[in-house]
Amino acid sequence: MGDQIFFKNSVRICYTGIIKMVDGGRVCTIEGNTSGASRIVANGGGVCEKSYALSYTGIVGYGRPDWSLVEEPRYEVG
């Protein structure tokens, strides 16, 4: 959970999401700027959970952000 998934259109990598889980040959994602449709929707205006077969040809690859680079926010009590 928390890994990144990359999708392509007919020309290039064009879209990304966060992986929620992989189960039964499917990858479940959380994606922004999309809709609840069962495919990638450009500028869909929402945040949705989606699911794709691992064999879906629109998936280009996966990545893991280096979360160690994230700094904790500093809050001042005033």
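Details of the structure are given in the entry above.
The present account deals with the structure reproduced in this document.

Conventions and cut-offs
- Residues numbered from 1 in each chain as written.
- Predicted model: local features only at pLDDT ≥ 70, side-chain atom pairs only at ≥ 80, totals over all residues.
- Heavy atoms only, no water.
- Pairing = 2+ DSSP bridges.
- Helix = DSSP H or I, 4+ residues; strand = E, 2+ residues; numbered from the N terminus.
- Axes fitted to C-alpha atoms, helices over the stretch in contact; angles between N-to-C directions.
- Patch = residues over 30% accessible without salt bridge, like charges linked within 9 Å, V, L, I, M, F, W, Y side chains within 5 Å.
- Areas by Shrake-Rupley, 256 points an atom, 1.4 Å probe, with all protein chains shown as cover.
- Salt bridge = Lys/Arg side-chain N within 4 Å of Asp/Glu carboxyl O.

Turning our attention to the sheet that holds strand E3 (residues 26-34). What the five strands build is an open sheet, ordered E4-E3-E2-E1-E5; its pairing is antiparallel. The open sheet has two edge strands, strand E4 (46-53) and strand E5 (59-63), and neither has a second partner. Strand-to-strand, the axes of this sheet are offset by a mean angle of 35 degrees, without reference to chain direction. Across four bridges, the pairing between strand E1 (residues 4-8) and E5 is antiparallel. Along E5, the bridge assignment pairs phenylalanine 7 with isoleucine 59.

Glancing now at a nonpolar patch on the surface. Together, Ile18, Ile30 and Val47 make up an exposed nonpolar region whose accessible area comes to about 260 Å². By the secondary structure assignment, isoleucine 30 is in strand E3.

Pairing analysis gives five bridges linking E1 to strand E2 (residues 13-23), with the strands arranged antiparallel. Note on E2: the bridge partner recorded for glutamine 4 is isoleucine 18. Hairpin connection of E1 to E2: four residues between the antiparallel strands. As paired elements, E2 and E3 share five bridges and run antiparallel to each other.

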